[in-house]
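Here's the letter readout for the chains.
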Amino acid sequence: MLEQLKDTIKKALPELDFVIGWGMGFDALHATPLFMYEPEDVDKLVWGPLNVHNLATYLPALKGRKVGIVVKGCDSRSVAELLQENLINREDVVIFGAPCRGTVSLTKIRKVIGNTGLIEDVNYADGTLTVKAEGASHEMALKDIRADKCGYCRFPNAVLSDHFVGEKRAPQVEEDTFEDLAEFESQPFEERRDFWMKEMDRCIRCYACRNACPLCVCRDHCVAQSRDPHWLSQQDGVRDKFMFQIIHATHLAGRCTTCGECERACPVDIPVLLFKRKFTKAIKDTFDYDAGLDPEATPPLLAFKANEDNIKEKEW
Amino acid sequence: MKIGVFVCHCGSNIEGTVDTKTVAEASLDFPEVTFATDTMYACSEPGQDGIIEAIEEHKLDGVVVASCTPRMHEPTFRKTLERAGLNPYMFEMANIREHVSWIGKDREANTNKAADLVRIAVEKLRRNQPLTPKEFDINRRVLVIGGGVAGIQAALDCAEAGLEVVMVERESTIGGKMAKLDKTFPTVDCSSCILGPRMVEIAQHPNITLYAYSEVESVSGYVGNFEVQVKKKATYVDWAKCTGCGECVEKCPSRKAPDPFNELLAPGRAINIPFPQAIPKKAYIQAEHCIKLTKDKCGNCAKVCPSDAINFEAKDEIITEEVGGIIAATGYDLFDWTVYEEYGGGRYPDVVTSLQYERMLSASGPTGGHVKRPSDGKEPKKVVFIQCVGSRDKSVGRPYCSGFCCMYTAKQAILTKDHIPDSESYVFYMDIRAPGKLYDEFTRRAMEEYGAQYIRGRVGMVYPDGEGQLVVRGADTLMGTQVEVKADLVVLAVGAEAAKNSPQLAEKLRISYDAYGFFMEGHPKLKPVETNTAGVYLAGACQGAKDIPASVGQGSAAAAKVIGLFSKEKLKSDPQTALVDIKRCIGCGKCAETCPFGAINMTEFRGQPKAEVLETVCQGCGLCAATCPQGAVQLKHFTDNQILAEVEALCRF
Ligand SMILES: Cc1cc2nc3c(=O)[nH]c(=O)nc-3n(C[C@H](O)[C@H](O)[C@H](O)COP(=O)(O)OP(=O)(O)OC[C@H]3O[C@@H](n4cnc5c(N)ncnc54)[C@H](O)[C@@H]3O)c2cc1C
Ligand code: SF4
Ligand code: SF4
């Protein structure tokens with residue numbers, strides 16, 4: 001399948017400035033974004049559970065250039081969302097899709113193998129990932145170390161693509177039941193508050209979560225740094241850090257596709273995707289809407305309706 | 001900045017539970033406050049003069065008044081500032097009456113809260129910018145929606161004052177409910193004799209364009225410059241050709257169609273002219289009952305029409321009208337009384353509504369003015385009237401009084417005696433409400449001269465006795481007994497409710513409506529015909545049930561408001577609008593999508609797409625500001641920073 005994908009990209013390459021995909025990074029466990037300009041570059045392409053990045057994040061800045069992009073199912077939803085918001089032009093992007101079997105969580109792997117030195121080799125087959133490092137070999141079941149989002153994945157195949165290679169896979173689940181969220185919310189308020197105060201206290205305000213988010217598009221005008229409006233102070237304290245996450249999640253309500261880049265990028269492993277899960281569920285319950293499925297749809301928070309179907313204001 | 005704070009006593013309204021002197025003293029500690037005092041009535045002439053003197057003496061450049069709701073007096077104080085030479089927007093109001101003194105009794109807590117509200121106002125004022133309104137031209141045409149007596153009065157007054165008037169009426173004729181009435185209280189003069197000539201005037205007045213059988217589809221724009229889409233519903237008759245001769249109605253074989261003008265008392269024809277004095281007197285086809293339009297057979301009307309006016313191909317048409325002001329006069333509809341199982345829930349033919357009874361009494365009605373029982377066509381000798389059906393009854397969600405039912409019931413009792421001298425009338429009532437000129441005398445006449453028997457009490461049940469009569473059983477609360485009256489006919493004084501689709505129309509007009517769908521006036525006492533949307537006015541029963549004299553009075557009042565508005569050279573726009581910072585704007589267009597008023601234009605600046613606010617269209621709702629992810633749109637006078645400063649002022653700990 002990978003070969004077929006490479007051939008397809010090579011065929012399309014002459015028409016494009018470049019194609020973004022994944023290549024091997026500094027070791028066998030870490031893939032890295034790959035910019036393919038020449039057919040030789042295409043040979044470096046990899047596809048598999050290590051392709052953790054959502055490459056759609058690059059697209060808004062490339063608006064106006066003709067580029068190709070390789071997408072997993074979840075990444076394709078970000079592309080759909082960017083198209084819907086006119087942040088990129090459909091005629092400028094060529095989308096290459098392939099069926100995804102799920103990606104790994106490097107955080108979970110690190111928890112198993114610890115902080116090793118150089119990774120010598122990585123193999124995956126039959127649902128097992130084997131990592132060789134410092135002479136030791138670690139075997140892990142893929143389902144134990146896969147990213148949480150893959151557990152409730154409904155779209156393993158690109159929701160939109162110009163070229164789709166390989167056979168479409170059945171979704172992991174038919175319906176997202178938000179069990180993770182329900183479990184978290186079953187705790188009493190004080191515990192949840194303490195949890196977040198503790199988690200957010202670690203935040204170093206690097207804004208990696210924002211920078212990794214494909215839909216954080218305010219560029220130089222992010223509220224995190226702006227003085228006018230001055231939503232967040234420069235004070236060091238958990239309140240402003242927490243406030244930023246709430247603003248981030250609010251700005252993404254109805255737009256976020258829960259690709260999980262924010263949480264993946266966080267260097268101190270704060271589970272910030274949970275905030276977005278909360279909003280995603282609220283949007284689903286209130287508006288019966290899933291972000292990033294249809295570039296032509298009007299997202300509920302970007303439309304004005306005097307009477308919302310599920311918000312019975314008059315009965316309040 | 002030098003800020004002055006004025007804390008009003010409002011007589012004892014505020015001073016009664018707030019220590020205004022302490023509030024004033026506390027204010028002196030707030031940033032940039034250089035002067036603070038309490039004052040008896042800030043809005044009175046000496047109160048305003050005191051503010052002006054303080055501005056001059058202390059060289060103030062901003063003022064906070066802590067008093068009542070800004071809805072009433074913000075404009076007053078802005079003018080005061082203007083007279084003192086300050087920009088009127090360098091002003092903030094803290095509402096320490098509705099938000100403090102009227103809702104709490106604890107003087108100390110109230111005083112602290114009042115001081116907090118002043119602190120908030122001060123923090124906001126510190127970030128205010130002087131604002132200047134823009135001027136724009138007025139389109140001196142007015143739209144009147146609804147051609148009942150209120151709308152007719154408003155339209156004629158405007159037209160007489162030289163304004164061009166567009167009238168949109170939902171039915172095929174104007175006249176509203178009054179056209180259906182036989183006689184009118186308290187003078188018992190013939191309704192169509194007094195209304196008819198006014199309807200003709202509408203048709204003939206050179207300044208009035210009438211769209212009957214039409215509805216307002218959408219409204220955009222703003223005071224002085226509205227754009228209105230009017231949907232002319234297909235009548236299937238070319239009104240330019242139709243002479244109203246009625247040949248078609250005679251020959252129409254579809255004889256089970258509803259006849260709404262006659263309140264469904266008798267079946268009508270698929271093609272119909274509501275009544276002889278209809279304006280316009282034109283035929284229209286009710287498509288769902290027309291044999292030609294449903295089954296492609298018949299076509300009789302087309303064959304007999306001497307003017308070749310029938311057109312089965314007709315389609316709804318949308319017409320665009322531009323106006324500067326709008327008067328809503330859409331009246332009321334009757335409550336659906338069939339929810340009352342105790343009155344038979346609509347199963348007994350001889351239980352009729354008051355409006356059906358008016359049609360029975362009317363010479364142009366289906367019985368030619370002879371009162372006949374719907375069941376067997378016999379003249380009733382005993383008529384029972386039941387008042388407050390769907391009025392003053394919480395159990396059916398209609399707690400309000402419809403106002404005119406007591407009076408029209410008395411009228412109908414009188415008319416019953418006139419029509420059938422050997423008849424007896426009984427009226428079940430809760431209270432008699434007759435507070436108009438000559439009204440109480442009128443109800444007395446019904447009792448004393450016309451012998452109507454008034455029984456104070458609710459009716460518990462109406463049921464057929466099996467021998468052609470109805471038994472009306474109720475309480476007589478004055479006698480403390482149960483009463484039973486055998487009736488040939490029962491007339492229900494059905495209450496008023498908002499006209500159908502009023503909320504939808506209100507939303508198009510961007511005006512408020514109450515829990516029952518009646519349109520909300522700007523102020524219950526001081527702005528009875530204004531709304532909270534500039535340029536939109538109310539007349540008649542659409543604002544709440546009212547009788548003809550009151551409806552006509554409001555028609556004239558609304559006309560006077562429009563004439564006053566149009567007498568200005570130019571209008572000033574409210575400068576509290578959204579503003580786009582083009583440095584920040586990335587041209588994503590989200591604001592344009594959410595703006596309910598179409599006030600955002602996407603333009604280009606140096607090749608980059610940018611949003612731009614049309615200041616005269618913007619209503620300052622702030623949706624765009626909340627939507628813009630970049631924070632590139634800010635609402636002038638309500639910037640994020642001002643709101644944040646207010647929050648900070650409140651949450652200091
Ligand atoms: C049985 C009965 C007897 C009465 N007798 C008397 C009496 O003797 N004396 C008295 O003073 N009062 C009487 N009244 C009260 C009287 O009917 C009202 O005061 C009067 O009709 C109010 O006039 P209006 O123009 O506000 O409303 P309406 O008469 O209701 O007129 C409203 C008009 O607007 C039109 N319309 C509604 N919605 C729309 C829309 N969306 N678009 C366009 N057009 C629309 C309607 O078709 C109608 O033509 C009586 C009422 C009843 C029920
Ligand atoms: S359509 Fe013709 S027949 Fe019918 S009323 Fe008009 S003129 Fe008369
Ligand atoms: S504030 Fe913004 S959204 Fe509201 S009317 Fe003005 S431009 Fe439109």
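No experiment lies behind these values; they were computed from the predicted model shown. (Residues numbered from 1 in each chain as written. Chains lettered and ligands numbered in written order. Predicted model: local features only at pLDDT ≥ 70, side-chain atom pairs only at ≥ 80, totals over all residues. Heavy atoms only, no water.)

Observations regarding the pattern of salt bridges
Oppositely charged side chains can form a pair if their charged atoms are brought close together.
Residues and elements named next belong to chain B.
Stage number 1. Evaluation of the coordinates by the stated rule reveals 62 salt bridges over all chains.
Stage number 2. With a shortest N-O distance of 2.8 Å, Arg-126 and Glu-32 are connected by a salt bridge. Of the two residues, Arg-126 is situated in helix α5 (residues 107-126) and Glu-32 in the loop between α1 (20-27) and β2 (33-39); the sequence distance between them amounts to 94 residues.
Stage number 3. The exposure class assigned to Arg-126 is partly exposed, which follows from its relative accessible area of 30%.
Stage number 4. Residue class for Glu-32 comes out partly exposed when judged on its relative accessible area of 32%.
Stage number 5. The partner of Asp-116 in a salt bridge is Arg-652, and the shortest N-O contact between them spans 3.2 Å. Residue Asp-116 is located in helix α5, and its partner Arg-652 is located in the segment after α18 (640-650); the two are separated by 536 residues in the primary sequence. (Salt bridge = Lys/Arg side-chain N within 4 Å of Asp/Glu carboxyl O. Helix = DSSP H or I, 4+ residues; strand = E, 2+ residues; numbered from the N terminus. Buried < 20%, exposed > 50% of the residue type's maximum accessible area, 1.4 Å probe, protein only.)

Considering the packing of aromatic side chains
Stage number 1. As enumerated under the stated definition, the model contains 24 aromatic pairs over all chains in all.
Stage number 2. Look at Phe195(A) and Trp196(A): their rings are 5.1 Å apart centre to centre, the planes differ by 75°, and that puts the pair in the edge-to-face class.
Stage number 3. Chaining the aromatic ring pairs together yields one cluster made of Phe184(A), Phe195(A), Trp196(A), Phe242(A) and Phe275(A).
Stage number 4. Here the guanidinium or amino end of Lys168(A) rests over the ring plane of Phe164(A), the centre of that ring lying 4.9 Å away.
Stage number 5. Taking NZ or CZ as reference, Arg347(B) lies 5.9 Å from the ring centre of Tyr348(B), over its face. (Phe/Tyr/Trp six-rings, centres within 6.5 Å; stacked < 30°, edge-to-face > 60°. Lys NZ or Arg CZ within 6 Å of the ring centre and 35° of its normal.)

Regarding a negative patch on the surface
Stage number 1. There is a patch of like negative charges on the surface, built from Glu45(B), Asp49(B), Glu53(B), Glu56(B) and Glu57(B).
Stage number 2. Along the polypeptide, Asp49(B) turns up in helix α2 (residues 45-58). (Patch = residues over 30% accessible without salt bridge, like charges linked within 9 Å, V, L, I, M, F, W, Y side chains within 5 Å. Areas by Shrake-Rupley, 256 points an atom, 1.4 Å probe, with all protein chains shown as cover. Lys, Arg positive; Asp, Glu negative; His and termini not counted. Charge placed at Lys NZ, Arg CZ, Asp CG, Glu CD.)

Structural notes on the state of the cysteines
Stage number 1. Across all of its chains, the model carries one disulfide over all chains by this definition.
Stage number 2. Between the sulfur of Cys190(B) and that of Cys193(B) lies a disulfide, 2.3 Å long from S to S. In this structure the cystine formed by Cys190(B) and Cys193(B) twists about its S-S bond by roughly 85°; its chirality is therefore right-handed.
Stage number 3. Exposure remark for Cys190(B): the relative accessible area of 21% places this residue in the partly exposed category.
Stage number 4. Of all cysteine sulfurs in the structure, the one in Cys206(A) sits closest to Cys266(A), which takes part in no disulfide; the separation is 6.3 Å.
Stage number 5. Classification of Cys266(A) by relative accessible area gives buried; the value is 12%. (Disulfide = S-S within 2.5 Å.)

Some details on the domain arrangement of chain B
Stage number 1. When the domains of chain B are assigned, the result is domain 1 (3-126), domain 2 (141-233 + 316-331 + 505-566), domain 3 (247-304), domain 4 (333-497) and domain 5 (578-636).
Stage number 2. Taking only C-alpha atoms, the centre of domain 3 of chain B and the centre of domain 5 of chain B are 52 Å apart. (Domains from an automatic or database assignment.)

Some remarks on helix α8 (residues 189-201) of chain A
Residue and element names in this part refer to chain A.
Stage number 1. Taking 1.5 Å of rise per residue, the 13 residues of α8 would be expected to cover 18 Å, and the 18 Å separating its terminal C-alpha atoms lies within 8% of that figure.
Stage number 2. Of all the residues in α8, the buried ones are Trp-196, Glu-199 and Met-200. For α8, the angular spread of buried residues about the axis comes to 90°, placing them on one side.
Stage number 3. Buried residues along α8 sit against α7 (179-185), α10 (238-251) and α12 (273-287). (Expected span 1.5 Å × (residues − 1). Arc of directions from axis to C-beta. Contact = heavy atoms within 4.5 Å.)

Some points on the interface of chain B and chain A
Stage number 1. On the chain A side, the residues contacting the 20 residues of chain B number 24 residues.
Stage number 2. Summing both sides of the interface, chain B and chain A together bury roughly 1800 Å²; the carbon and sulfur share of this comes to 56%.
Stage number 3. Joining chain B to chain A, the criterion identifies one salt bridge.
Stage number 4. For the salt bridge of Glu85(A) with Lys590(B), the shortest nitrogen-to-oxygen distance reads 2.8 Å.
Stage number 5. Looking at the side of chain B that touches chain A residue by residue, the classes come out as eight nonpolar, six polar and six charged. (Buried area = accessible area lost by both parts, 1.4 Å probe. Nonpolar A, V, L, I, M, F, W, Y, C, P; charged D, E, K, R; others polar.)

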